[in-house]
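Architecture at a glance
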Amino acid sequence: MLPPDFENVLAHLPQAMLRVGPELEIQWLEADFARKVGVTPTPGRKLLELLEYGRSRDALERAIREGREHEGHVITVALRQLRVQVKRPREGEPPGAWLLFEPSGLDDEGAFSQVVQEIARAVGETLEVDSVCAAAVSALVRYARVRRAEVFLCEEGSQGGLRRAAVSDLAECESPEDSFDPSADPFLQALGTRRAQIGVQRGYGDAMGSIFAAVPLCAPRRTVGLLLLYKEQGASFSVKELDLWTAAAGQLAVAVENARLLREAQAALRVREEFMSIASHEMKTPLTPLKLSLFTMERRITAGQPVDLSSVLKSKRQVDRLVGLVEDLLDASRLELGKLELERAPLEVGQLVAEVVDQFRHAFDRPFTVDVPRQRMWVQGDRDRLEQVIVNLLENAHKYSSAGELIDVEVEEAADEVRIHVKDHGIGIPGADQAQLFQRFYRARNVSHRNFGGLGLGLFISHSICKMHGGNLTLASAEGLGSTFTVSLPRMCAREVRQLPPRVLLLDEDRHHEAEAERVLRAEGFEVVTVNNGNDALRNAAHLPVDLILLSASASQQEVGLFLETFATLPRARPVPILLAGSRRPAWAWEGTVLCSRPYRPDELIARVRNTLALSPEPGWPVAEELTVRM
């Protein structure tokens, strides 16, 4: 007969008591069993239903069935590891066994202190993050009585965003921990909740049911990684122990973050010092000849002697170079501050590329090839900024390839984007430098500052401009085999393109007739460009593609010839059809040229213009001379 206060006494003991029968059914358990153990059994339920499967559970089952005493550890279905003792009944008592459960784990604040000291010592000796992590896992295995410790750091480009930075054991034999799965629930929960999570590692030799803790490395502003601690079978993590190692993980996280920030700060200082050196050299290079040239011009003017035009032009080139350097610096500053603004408007990419390449064709003695699809490809973009990108890529292709080497420029149509490829056959870019090439002030290792000028800002600015347009700038290169830079830009949708007005270039020597034709065409939604103000007006009109040229048939052959000769020198990506206006075809016109009445009859004029635009120029079709493919 048990005393009436027996249950009260049991409540103050750390052990939880339970009795099972020979078939492991629960016969009796103390009132506070659930509070002490973390699971809630009921009489009549099987004991094994409360425990995780494993060798330790099998050993417990065999001891009870064989009627012998046993001592070991088990893991509950609530993932708590407990020390268990089996006491067999005395002779004459009912068959079965008494079981005593108690928490299993290490609550050693001294070990925690030792680990924190090891981390602090490692930080004092090195700024290398992996070395700090290696010191931490070594200390954990030494002082925390864990079988294995690992640190994973959050990094882009690695599996699941986590990279194994350090592991305590380097045994050659494989273990399940080597196949880390960052998508597993305990790891995701630890990262997401910033709280330690317990899990079970299965299949490690005969240690089925071995327990581990995933402890997040929480710096003040972000989670920098995970600390994984694996126990030997038969050992567990108590609540207090998890609190201690969570605190230790916090110390490690701060150390890792500080080491990373300090390393980045030192790298930034080195970059700044290198940039100041390069910038000083680049600024001084044009200033020295500019100063000498101005001094010479001053002396000649003082002596009453004429100043050579070549000296003025040389000085202007040096000033232009300085202006370019300053503009690059200002653009880089605007980008960093988020103050670089775009003035977007519909832009036809083929026309832009043709115009920029044409500028280079006249500026440099170098062959270019240009490949532009016949269909037009429109984007919403800032013309000046995109021109800046293409100019930068062409300048680099020219600078880093031998004189006379071909530069290939191609405009490619994709499903939802337009791609501009600029390919050279120059020195190429080493693979190790390619990932950093679009950073500020970065220059490839095979580029000499003495032989190749520049601040290392052009590609950074170009890449940023492409990103601001919703596109990208990418690179394919191999050292010694040249480089291909690709600008990708999102295309305008078909509905927006259909709403763009066709452009008609109008030349009529009679101002009255010209005004009437312009009025009729504008009323029908056409954009009309008149060029009676001379060649400058014609060149300004060429910034966007012209869909049709409307010529007066009564204009003199000299007027028409001068117009067509000037128009032929303008950069264009595609041929442009011609429509003549007059009662008869002049002698200089091709006999298949389409005529419309003049004075203009509105209905006929619109019909002729629309019919001409609907027909794609074919071989022999009357068109203005198209851009030569090889320039």
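Not measured: the values here are computed from a predicted model.

Thresholds applied
- Residue numbering note: each chain is counted from 1, following its sequence as written.
- With pLDDT at 70 or above as the cut-off, local features in this predicted model cover only qualifying residues; side-chain atom pairs require 80 or more to be listed or tallied, and sums for whole chains, interfaces and linings still use all residues.
- By convention in this description, side-chain values take in all heavy atoms of the structure and omit both hydrogens and water.
- Runs of E in the DSSP output that reach at least two residues are strands. Runs of H or I that reach at least four are helices, and both are numbered from the N terminus.
- Exposure classes here rest on a 1.4 Å probe applied to the protein chains alone. A residue is buried below 20% of its type maximum, exposed above 50%, and partly exposed in between.
- Whether two residues are in contact is decided by their heavy atoms: any pair within 4.5 Å suffices.
- In this text, buried Ala, Val, Leu, Ile, Met, Phe, Trp, Tyr and Cys residues form a nonpolar core when linked through side-chain atoms within 4.5 Å.
- When DSSP finds at least two bridges between two strands, those strands are taken to pair.
- Axis definition: a line fitted to C-alpha atoms, limited for helices to the stretch in contact. Angles are taken between N-to-C directions and run from 0 to 180 degrees.
- Each reported salt bridge corresponds to a side-chain nitrogen of Lys or Arg within 4 Å of a carboxyl oxygen of Asp or Glu.
- Like charges within 9 Å and nonpolar side chains (Val, Leu, Ile, Met, Phe, Trp, Tyr) within 5 Å are joined into patches, using only residues over 30% in relative accessible area that form no salt bridge.
- Accessible surface area values rest on a Shrake-Rupley calculation with a 1.4 Å probe, where residue burial reflects the displayed protein chains alone.
- Expected span, for any helix, means 1.5 Å times one less than how many residues it has.
- Two N or O atoms form a polar contact when they lie within 3.5 Å of each other; inside protein one atom must be a possible hydrogen donor and the other a possible acceptor, and for residues adjacent in sequence the pair counts only when both atoms belong to side chains.
- For classification purposes, angles smaller than 35 degrees are called roughly parallel, those larger than 145 roughly antiparallel, those between 65 and 115 roughly perpendicular, and all remaining angles oblique.
- The crossing is said to be left-handed when, going from far helix to near helix, the turn is anticlockwise and less than a right angle, and right-handed when the turn is clockwise.
- Polar here means any residue other than Ala, Val, Leu, Ile, Met, Phe, Trp, Tyr, Cys and Pro, which are nonpolar, and Asp, Glu, Lys and Arg, which are charged; Gly is therefore polar.
- Known as pLDDT, the predictor's per-residue confidence is scaled from 0 to 100.

Once that is clear, we can look at the overall build of the protein. When helices and strands are counted, the protein shows 17 helices and 23 strands. For the protein, the residues scored as buried account for 46% of the 631 residues in total. A sequence separation of at least 24 residues applies to 64% of the contacts in the protein between residues at least 6 apart.

Below, the discussion takes up unusual backbone geometry. Backbone torsion omega between Arg-598 and Pro-599 reads 10 degrees, so that peptide bond is classified as cis. Considering the arrangement of structural elements, one finds Pro-599 in the loop between β22 (595–596) and α17 (602–614). A positive phi is found at Leu-24, a non-glycine position, where the angle reads about 70 degrees. Phi is positive for Arg-194, close to 60 degrees, though the residue is something other than glycine. Considering the arrangement of structural elements, one finds Arg-194 in the loop between α6 (185–193) and β8 (197–201). By relative accessible area, which is 36% here, Arg-194 ends up partly exposed.

Side chains of a nonpolar character, in soluble globular proteins, are inclined to be buried together. Residues Val-353, Leu-393, Leu-394, Leu-473, Phe-485 and Val-487 are the most contacted members of the largest nonpolar core, which totals 42 residues. No other element matches helix α10 (residues 383–399), which puts seven residues into this core. If near-sequence neighbours (up to four positions away) are discounted, Phe-485 is found in contact with Leu-393, Ile-420, His-421, Val-422, Ile-429, Leu-437, Phe-438, Leu-459, Leu-473, Thr-474 and Leu-475.

Turning next to the sheet that holds strand β12 (residues 368–371). The sheet built from five strands is open, its strands ordered β12-β14-β15-β17-β16 with mixed pairing. Two strands in the sheet have a free side with no partner beyond their single neighbour: β12 and β16 (472–477). Sheet twist, expressed as the mean angle between neighbouring strand axes with direction ignored, is 15 degrees. Across seven bridges, strand β15 (residues 417–423) lies against strand β17 (residues 483–490) in antiparallel orientation. When the sheet's bridge partners are listed, Lys-423 is paired in β17 with Thr-484. Contacting β16 and β17, helix α12 (residues 458–468) crosses the sheet at an angle of about 130 degrees to β16.

What the rule picks out here adds up to 23 salt bridges. One salt bridge in this structure joins Glu-412 and Arg-419, with 3.6 Å as the shortest N-O distance. Under the relative-accessibility criterion, Glu-412 is labelled partly exposed at 27%. The class of Arg-419 is partly exposed, set by a relative accessible area of 26%. Its salt-bridge partner being Glu-604, residue Arg-608 comes within 3.7 Å of it at the nearest N-O pair. Of the two residues, Arg-608 and Glu-604 are both situated in helix α17; the distance of four residues between them amounts to about one turn of the helix. Exposure remark for Glu-604: the relative accessible area of 18% places this residue in the buried category.

Our focus in this paragraph is a nonpolar patch on the surface. Taken together, the side chains of Ile-301, Val-307, Leu-309, Val-312 and Leu-313 define a hydrophobic patch exposed on the protein surface, amounting to about 430 Å² of accessible area. With three residues, helix α8 (residues 309–337) is the single largest residue contributor to the nonpolar patch. Residue Val-312 is classed as partly exposed on the basis of its relative accessible area of 37%.

Before going further, it helps to examine the sheet that holds strand β1 (residues 16–20). With antiparallel pairing, the five strands of this open sheet are ordered in space as β2-β1-β5-β4-β3. Either end of the sheet is taken by a strand with one partner, and the two such strands are β2 (26–29) and β3 (70–75). Adjacent strand axes in the sheet meet at a mean angle of 30 degrees when their direction is disregarded. Taken together, the three bridges between β1 and β2 define a ladder with antiparallel strand orientation. When the bridges of β2 are listed, Arg-19 appears paired with Trp-28. Taken strand by strand, helix α3 (residues 55–66) contacts β1, β3, β4 (81–87) and β5 (97–103), and its axis lies near 140 degrees from that of β3.

Moving on, we come to α10. The end-to-end C-alpha separation of α10 is 24 Å, in line with the 24 Å expected for 17 residues at 1.5 Å each. Within α10, twelve of the 17 residues are buried, which leaves it mostly tucked inside the rest of the structure. Along α10, the positions that sit buried rather than exposed are Arg-383, Arg-385, Leu-386, Glu-387, Val-389, Ile-390, Val-391, Asn-392, Leu-393, Leu-394, Asn-396 and Ala-397. A side-chain oxygen of the first residue of α10 lies 3.1 Å from the backbone nitrogen of Asp-384; this N-cap is Asp-382.

With that settled, the discussion passes to the packing of helix α14 (residues 511–523) against α17. Their axes nearest at 10 Å, the elements α14 and α17 cross at an angle of 65 degrees. Classified by the angle between their axes, α14 and α17 sit roughly perpendicular to one another. Two packed elements cross with a definite hand, and for α14 against α17 that hand is right-handed. Across from Glu-516, Ala-517, Val-520 and Leu-521 in α14, the residues of α17 making contact are Pro-602, Leu-605, Ile-606 and Val-609. Of the residues assigned to the contact of α14 with α17, the class counts are seven nonpolar, no polar and one charged.

Once that is clear, we can look at the confidence of the model for the protein. Residues at a pLDDT of 70 or more form 78% of the protein, whose mean pLDDT is 77. In the predicted structure, residues 203–208 sits below a pLDDT of 50 and forms 14 contacts with residues beyond four places in sequence or in another chain. Low pLDDT, under 50, characterises residues 616–631; the predicted model gives this stretch 43 contacts beyond four residues in sequence or across chains.

The residue Val-379 is located in strand β13 (residues 378–381) in this model. Remark: the alpha-carbon pair of Val-379 and Met-492, spanning 113 residues in sequence, is separated by 5.0 Å. Setting aside its immediate chain neighbours within four residues, Val-379 contacts Ala-345, Pro-346, Leu-347, Val-349, Leu-386, Val-418, Leu-489, Pro-490, Arg-491 and Met-492.

Buried residues dominate β17, accounting for seven of its eight residues. As defined by bridge partners, β16 adjoins β17 across six bridges and the pair is classed as antiparallel. When the bridges of β17 are listed, Leu-475 appears paired with Phe-485. Hairpin geometry of β16 and β17 is characterised by an intervening segment of five residues between the two adjacent antiparallel strands and by a positive phi of about 85 degrees at Gly-480.

Next up on the list: the packing of helix α9 (residues 349–363) against α10. Taken N-terminus to C-terminus, the directions of α9 and α10 make an angle of 45 degrees; their axes are 10 Å apart at the nearest point. The orientation of α9 with respect to α10, classified from their angle, is oblique. For the crossing formed where α9 meets α10, the hand is right-handed. Packed against α9, whose contacting residues are Leu-352, Val-353, Glu-355, Val-356, Val-357, Gln-359 and Phe-360, the element α10 presents Arg-383, Leu-386, Glu-387, Ile-390, Val-391, Leu-394 and Glu-395 at the interface. When the residues that make up the contact of α9 with α10 are grouped by side-chain class, the tally is nine nonpolar, one polar and four charged.

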